[in-house]
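Secondary and tertiary structure notes
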Amino acid sequence: AGSGQKTIAILPPGMTSPFYVQIVQGARKIAQEYGYKVIVEAPPAESDFNTQVSMMENLVSEHVSAIAVCPMDDKAIGTAIVQANKAHIPVFIFNGLASTGSGNVTEYIGYNQREAAHKLAQFTVQVLHGHGNIMILDGIPSYYNTERVGGYKEIINHYPNIHIVEEQQADWLRSEGLSITMQALQAHPNIQLVYGASDEMDIGAAIAASQMHKHIYTIGIDGNPVTLQDIQSGLVTATIGTFPYEMGETVVEQMHKYFMGQSIPKFLETPTVLVTKSDLQAYESGKLWSTPKASHEEVQM
Amino acid sequence: MALVILAGALSLASPAFRTWGNIQDIVIQASIVAIMAAGQTFVIGTGGIDLSVGSIVGLSGVISALLMSTDKAVGGMGHGVVVAVLAGLGVGAVVGLFNGFAIAKLGMAPFIVTLGTMEMVRGLAYVLTQGETIDALPTSFDNLATNTFLGVSDLIWITIGVYVVSWVLISRTLFGKYTLSIGGNEFATRLSGVRVDRVIIGVYVLSGVLSALAGILLDARLQSGISTNGDGYELDTIAGVVIGGTSLSGGSASMFGSLVGVLIMSCVRDGLTLLNVNTYWSDVVMGLIIVLAVLTDILRKRIAVQRWFRRAIVGRRDQGEVQGT
Amino acid sequence: MALVILAGALSLASPAFRTWGNIQDIVIQASIVAIMAAGQTFVIGTGGIDLSVGSIVGLSGVISALLMSTDKAVGGMGHGVVVAVLAGLGVGAVVGLFNGFAIAKLGMAPFIVTLGTMEMVRGLAYVLTQGETIDALPTSFDNLATNTFLGVSDLIWITIGVYVVSWVLISRTLFGKYTLSIGGNEFATRLSGVRVDRVIIGVYVLSGVLSALAGILLDARLQSGISTNGDGYELDTIAGVVIGGTSLSGGSASMFGSLVGVLIMSCVRDGLTLLNVNTYWSDVVMGLIIVLAVLTDILRKRIAVQRWFRRAIVGRRDQGEVQGT
Amino acid sequence: MEDILRVEGVSKEFPGVKALDGARFNLRKSEVHVLLGENGAGKSTLMNIIGGVYRPDEGQMWLRGQPYRPQSALDALRAGVAVIHQELQLCPQQSVVENVFLGDERRRAGWLCKREMEEEAENLLAELGLQVDPRAPVGELGIAAQQLVEIAKMVRRNPDVLVMDEPTASLSEREVDRLFDIIQRLKQGGMSVIYISHRLNEIPRIGDRVTVMRDGRTIDTLDVKTSDRNQWIQLMVGRELRQLAFETVERGEPVLSVKGLTRKGVFRDVTFDVHRGEIVAIAGMVGSGRTEVLRAIFGVDPVDEGEVWVRGRRTHIRGPADAIRLGFGFLPEDRKAQGLVLEQAIAHNVALASYARLGGPVWYRGRRTEALANSYGQRLRIKMSRSSERVAALSGGNQQKVMLARWLAAESEILMIDEPTRGVDVAAKFEIYQLLHDLRRKGLAILMVSSELPEVLTLADRVLVMREGEVVAHLCRDEASEEVIAQWAMAGSRR
Ligand SMILES: Nc1ncnc2c1ncn2[C@@H]1O[C@H](COP(=O)(O)OP(=O)(O)OP(=O)(O)O)[C@@H](O)[C@H]1O
Ligand SMILES: Nc1ncnc2c1ncn2[C@@H]1O[C@H](COP(=O)(O)OP(=O)(O)OP(=O)(O)O)[C@@H](O)[C@H]1O
Ligand SMILES: [Mg+2]
Ligand SMILES: [Mg+2]
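Remember, predicted model here, so these are calculated numbers, not experimental data.

Observations regarding helix 4 (residues 81-104) of chain B
All names here are of chain B. In this model, helix 4 (24 residues) spans 34 Å end to end at C-alpha, consistent with the 34 Å of a helix rising 1.5 Å per residue. Looking at helix 4, one finds that the buried residues are Ala84, Gly88, Val91, Gly92, Val95, Gly96, Asn99, Gly100, Ala102, Ile103 and Ala104. Turning to helix 4, the residues buried within the fold contact helix 3 (53-68), helix 5 (110-129) and helix 10 (196-222).

Okay, structure coming up:
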């Protein structure tokens with residue numbers, strides 16, 4: 001910890017998806033306002049748990065003032081948090097509300113993944129009028145995938161006339177989403193809606209459908225700028241706006257409050273909204289953003 | 001062979017497999033990797049290996065996309081499609097040149113050189129995009145992936161073109177002959193007065209350019225340039241080439257085999273989707289298929305070798321006493 | 001050599017690098033990959049390659065975790081630590097046996113066999129966990145990663161142990177001699193009465209067991225079993241071995257070199273973090289370092305040879321000294 | 001007569017060895033110049049320098065009176081100098097045609113003329129006595145056939161200077177005759193040939209002049225007509241070689257009995273015994289299946305029918321390991337591909353088949369291994385600096401001795417040797433003969449394959465002649481002569 005300027009570290013699981021890029025941009029902007037130095041570190045691959053733990057350990061041994069991490073896996077990050085605790089470095093978890101394996105976290109900041117998935121499921125029921133065939137694109141096995149897909153199915157399972165005819169893993173990737181959707185649409189020409197557990201997979205599905213001249217609904221989670229453009233152009237039907245930029249801002253705001261000695265809640269939930277073409281502008285202008293509210297731990301089901 | 005059996009089995013198992021549209025889809029999906037595999041076949045023919053192909057897909061895709069994107073916010077420069085495509089191919093050539101130079105002139109091991117460039121090139125793609133997706137590509141470019149000619153997708157035509165040219169190169173030109181000779185015995189080839197270094201450099205440049213082409217086509221297919229594109233394709237191309245019957249120790253190459261190898265893998269993926277196999281099991285099945293495909297090939301060859309041996313001897317002896325064992 | 005230079009440069013650039021704690025951190029981080037690299041060194045010594053090591057980390061980690069986890073919800077069975085560890089190691093041995101058998105007895109190419117098992121084993125890990133993280137491991141187990149002995153982490157002691165044993169194996173036993181002899185000339189070794197098949201199978205089993213050990217230790221470090229663990233480590237281990245000076249064509253092996261190779265990579269990653277290099281650039285630097293490390297080694301050898309034996313050698317790949325054309 | 005090639009004061013040092021030390025040499029137009037010297041004298045090194053593979057440390061060369069400094073094999077070929085290397089340099093997976101034409105393909109308008117090249121290769125090889133499918137991969141041919149392909153490859157280029165480094169080492173009489181015919185023709189066409197061989201009886205048949213080298217230096221150049229064999233040997237080894245005279249040994253009970261051994265399409269109904277204290281030689285032409293019989297007995301290749309009895313017991317040998325346990329040793333003809341682990345130490349190569357006896361099944365005993373290698377190095381006079389040196393650094397003949405040392409060290413009781421003296425110099429050859437004789441006296445059973453008839457006649461107690469996969473004659477020592485053996489080997493084989 002430098003005497004004057006504080007150094008804070010942001011550890012997203014990867015810097016190759018627009019979502020985390022947005023978070024980091026938001027965080028940098030606020031940090032600059034407060035005069036904090038920002039270190040951003042991310043492993044090359046989003047499945048490399050060990051490297052993320054290592055990176056965090058390195059930052060602990062560098063004695064940064066605070067660490068904000070979006071763990072690839074909430075259990076696996078435990079070791080590193082324990083070390084941070086030993087060095088008295090506060091740890092903030094962002095984009096996740098599930099408590100970690102061990103160690104003490106100062107604050108969890110994130111949106112409710114399961115609830116977001118519920119919103120999409122309700123949207124599905126609405127546009128399909130309670131019956132139809134749908135397909136799900138999973139990401140790489142992880143907490144996020146479990147919550148997003150599990151939450152979605154929770155609602156859908158109440159509607160016996162909505163059939164999940166296909167569920168495949170597309171590794172969070174647009175290219176995989178594209179090819180899997182193409183194949184699936186061949187096998188099941190009656191698919192009416194594709195739910196991608198991330199925007200990129202969902203955009204892949206949308207491109208596949210448009211290339212096959214099929215009109216289906218495509219919905220995803222993230223609300224990245226690129227997705228918003230695709231909603232604008234009519235390619236993608238809907239997404240969950242998760243305000244990544246604002247989430248990044250919030251993280252640094254909360255750190256600042258902590259440094260100032262203000263009390264902060266253990267769990268802070270940021271808002272999510274369903275974004276379709278009609279409320280696109282409202283979302284983009286930030287009007288739909290509402291103040292994060294104190295919340296509770298998200299329990300894995 | 002294996003492909004035919006596989007296709008047959010899948011057709012029986014799932015009627016959807018048999019449709020013309022589905023077959024075309026399989027080929028379209030395979031086309032990107034297939035184009036890369038053509039280049040990789042040359043490299044493996046020399047006894048080398050090119051791990052950088054996947055990241056070249058990323059980098060050249062990103063550079064082409066940046067050059068032609070009309071979205072200023074992500075750094076788009078709004079150049080013409082032709083310029084962008086040429087620049088993308090150029091990037092592939094430059095990376096290939098670097099690989100080839102380090103291998104041929106500095107005598108470094110292909111595996112390690114291309115592992116290094118793989119990281120570097122991927123990193124450059126990240127640096128250029130800063131993690132953003134480069135979209136807003138010209139429609140004329142996006143159409144590359146959807147246009148058809150005589151009812152067949154442009155992507156398929158391009159793939160066919162690449163394979164015809166590659167096949168001519170490997171089996172009808174000196175470049176091809178030397179490629180395989182180098183794989184067979186580099187020293188002997190050098191002693192015979194062949195400019196081995198040039199051939200090696202040429203092979204890696206070719207692989208780089210074909211990977212760049214694949215990257216550009218993937219852009220068209222995904223309607224955007226993404227820095228992570230092509231991640232992991234190096235193993236897919238190598239697997240395709242090896243399943244196709246080209247030996248990793250160099251000296252032989254089957255262009256047609258590589259195409260078939262890639263198609264087999266694409267078929268299996270497609271088949272697994274159509275049969276609605278549990279996501280978690282699909283990797284298991286995929287791995288099994290790779291092993292089995294190569295195994296049947298080995299067993300088939302063993303029998304063929306025995307036959308060849310007999311023929312050679314019979315030819316020499318003019319005696320008909322050889323019977324099947 | 002390269003390691004020393006690198007460490008020196010980094011120490012100068014960042015004082016934090018010099019601390020004992022940081023050095024220990026680097027070694028701990030490297031330990032998982034280093035243990036795998038020891039096994040990979042044997043495999044590469046025979047002229048083979050083992051791509052399945054990364055997924056063995058995943059599978060054996062998951063199986064051990066499942067056996068000892070006390071969390072019934074994720075399928076934990078609450079067995080003892082010893083049972084779980086032995087089962088994990090057993091899984092590695094079985095996968096290694098499969099690889100070795102296919103390679104030695106069926107004559108399949110190591111690259112393709114282990115590519116196949118890589119997919120299969122990874123798939124099995126997914127199937128077993130269904131994507132869940134397996135936590136609630138016994139504390140006595142988790143402590144493996146944090147305990148120290150004489151002020152040095154247990155992980156480091158285990159790594160040292162693995163390397164001492166591996167070094168003895170490769171340089172002081174017939175198993176090691178035969179391993180390298182097979183890499184040099186498999187047929188000649190077979191003709192001399194060595195049971196080549198057994199040695200090859202042994203080598204792959206060893207690699208499998210060491211990878212399984214790495215997987216179990218990674219569990220302890222992450223306090224949970226995760227199916228994607230070890231993804232991509234195959235390339236890291238191979239890069240480490242090659243940077244360490246073992247030739248991919250087989251017949252030679254430098255156990256110490258492999259350790260150094262892995263440490264170099266770990267050092268670079270750590271150095272990049274400490275120097276706060278932009279994430280996007282770190283891949284570029286990493287790739288550059290790999291190429292440079294091997295290059296300096298080649299140049300150093302060349303210069304050394306030239307010094308000692310005058311202008312004798314112009315330096316060429318296999319044959320020692322044919323000049324470039 | 002003018003000198004086409006002149007070499008002055010050429011030196012070359014390798015790590016630890018001075019291979020050439022001021023060698024000189026001149027080659028006249030249209031002559032066959034024989035280069036003689038013990039194993040390791042530096043002959044191949046000098047040829048590698050002439051062929052552009054190595055650069056000399058010191059010294060100068062002139063070609064047609066112009067300074068000649070080739071930087072690569074390509075330079076040498078362009079200047080009209082072609083080398084047939086001692087160790088075969090072929091691309092195994094490539095076809096015979098592709099190898100013959102490698103680097104000098106026939107093209108028309110940029111396209112390869114496959115058909116023409118195939119025809120030309122076939123004709124050229126037929127002239128050399130090799131009838132093979134030109135499209136077959138070279139690696140599937142036997143070593144003798146490969147040697148002929150290698151010769152065809154360089155002869156076809158029609159260079160001004162052709163270097164032949166032990167071209168006949170693995171050929172039998174018939175191929176040698178044909179090769180000499182071709183060399184005579186080339187010579188008449190104005191080509192100059194440097195010819196290296198350890199078979200001294202070839203020299204009067206082919207050579208015009210002889211240059212003898214020793215320890216990297218040129219000792220003398222003589223006219224073939226005015227000098228004789230003893231003189232050459234004297235110059236090569238620096239002393240007279242005493243004449244070999246082996247007393248016959250009482251032969252013991254049969255140790256190895258082969259009954260009706262058949263490998264379909266390769267050899268048929270092979271039956272013979274080898275007794276304790278006896279050397280049996282298998283003679284025959286290249287491709288007659290001699291090597292295959294040895295390989296089958298040793299368990300390398302499967303057999304379809306027949307039995308192998310060892311010391312009165314029927315055996316089932318499933319692989320070399322089984323064979324070695326029964327007391328077999330097998331020295332293959334292709335030492336580079338099948339014999340040596342080239343990049344590893346001499347000591348390793350010597351001890352490879354006897355490690356378990358040196359220190360049990362687990363541990364590697366470095367010191368004992370080196371001691372073993374050193375003692376055999378001395379016994380066989382292997383020219384090496386240290387036994388920890390790589391085998392690849394040894395000269396061809398010394399590599400052969402290492403191979404022999406491996407089986408001596410393994411204390412085999414039944415030695416099967418395929419071409420025991422391939423590439424071995426006269427002095428060493430006599431040493432090896434002496435050694436084999438000593439082994440016979442100690443009661444070993446030796447089965448050898450040799451294409452050198454004088455060698456067969458010197459060593460063998462009995463001679464089997466094979467032709468086209470069958471044993472056509474069993475000859476005892478008194479019945480055997482070069483003419484008789486050649487007759488049996490060739491009878492009826494003309495197509
Ligand atoms: N590449 C090399 N590295 C090290 N030493 C070498 C190398 N090549 C040859 N030598 C050494 O140089 C000396 C001369 O070897 P060379 O091959 O020229 O002998 P030679 O006269 O051809 O013998 P032979 O009749 O056995 O073929 C030998 O002592 C050999 O060990
Ligand atoms: N002159 C030839 N004509 C046709 N094929 C040949 C000829 N020489 C060799 N071959 C091929 O090469 C194979 C092995 O050849 P090799 O020279 O090893 O002969 P061999 O049968 O081992 O007998 P030997 O030991 O007497 O030379 C033969 O089985 C044959 O297929
Ligand atoms: Mg020689
Ligand atoms: Mg033979």
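Some details on the coordination of the magnesium ion (ligand 4)
Residue and element names in this part refer to chain D. Coordination of the magnesium ion (ligand 4) by the protein involves Thr291 (OG1) and Glu333 (OE), with metal-donor separations of 2.0 to 2.4 Å. Taken together, the residues span a long stretch of sequence, with Thr291 in helix 9 (residues 290-297) and Glu333 in the loop between strand 18 (328-331) and helix 11 (335-339) at a distance of 42 residues. In this structure Glu333 comes out as buried when scored by relative accessible area, which is 16%.

Thoughts on the interface of chain D and chain C
The interface is formed by 43 residues belonging to chain D together with 31 residues belonging to chain C. Both sides together, the interface formed by chain D and chain C hides about 2,900 Å², and carbon and sulfur atoms give 57% of it. Of all residues in chain D, Asp57, Leu352 and Tyr364 of chain D give up the largest surface area on contact with chain C, accounting jointly for 18% of the area buried on that side. Between the two partners, chain D and chain C, sit one salt bridge. Of the charged contacts, one joins Asp322 of chain D and Arg195 of chain C as a salt bridge, the two residues approaching to 3.7 Å between their closest N and O atoms. Summed over the shared surface of chain D and chain C, the number is nine residue pairs in polar contact (both at pLDDT 80 or more). The set of elements that each furnish at least two residues to the side of chain D that touches chain C consists of strand 1 (3-14), helix 10 (320-325), helix 11, helix 13 (355-359) and helix 15 (396-409) of chain D. Looking at the side of chain D that touches chain C residue by residue, the classes come out as 25 nonpolar, nine polar and nine charged.

Looking at the interface of chain C and chain B
In this assembly, 47 residues from chain C lie in contact with 50 residues from chain B. Between chain C and chain B the total buried area reaches about 4,500 Å² when both faces are included, carbon and sulfur atoms providing 74% of it. Linking chain C to chain B there are zero salt bridges. Counting residues per element, the ones that place at least two in the side of chain C that touches chain B are helix 5 (110-129), helix 11 (233-243) and helix 13 (279-308) of chain C. The element that contributes the greatest number of residues to the side of chain C that touches chain B is helix 5 of chain C, accounting for 14 residues. Residues belonging to the side of chain C that touches chain B are distributed by class as follows: 29 nonpolar, eleven polar and seven charged.

Parameters at a glance
- Residue positions within a chain follow its written sequence, with the count starting from 1.
- Both sets of labels track the order of writing: A upward for chains, 1 upward for ligands.
- Reporting in this predicted model follows two pLDDT cut-offs: at least 70 for local features of residues, and 80 or more for side-chain atom pairs to be given and counted; totals over whole chains, interfaces and linings ignore these cut-offs and use all residues.
- Only hydrogens and water are set aside; all other atoms, that is, all heavy atoms of the structure, feed into the side-chain values.
- The helix and strand labels rest on DSSP assignments: H or I over at least four residues marks a helix, E over at least two residues marks a strand, and numbering proceeds from the N terminus.
- By definition here, a helix of n residues has an expected span of 1.5 Å times n minus one.
- Buried, partly exposed and exposed residues are distinguished by accessible area as a fraction of the type maximum, computed with a 1.4 Å probe on protein chains only: under 20%, between the cut-offs, and over 50%, respectively.
- Contacts: residue pairs with any heavy atoms within 4.5 Å of one another.
- Think of the donor list as every N, O and S atom within 2.8 Å of the metal, or within 3.2 Å for Na, K and Ca; water never makes the list, so a site can look incomplete.
- Buried area counts how much accessible surface, traced with a 1.4 Å probe, disappears from two parts once they are put together, with both parts' losses summed.
- Here, a salt bridge means any side-chain nitrogen of Lys or Arg that lies within 4 Å of a carboxyl oxygen of Asp or Glu.
- By the criterion applied in these results, polar contacts are pairs of N or O atoms within 3.5 Å in which, for protein atoms, one can donate a hydrogen and the other can accept it, and in which residues neighboring in sequence qualify only through two side-chain atoms.
- Gly is put with the polar residues, along with every residue not named as nonpolar or charged; the nonpolar set is Ala, Val, Leu, Ile, Met, Phe, Trp, Tyr, Cys and Pro, and the charged set is Asp, Glu, Lys and Arg.

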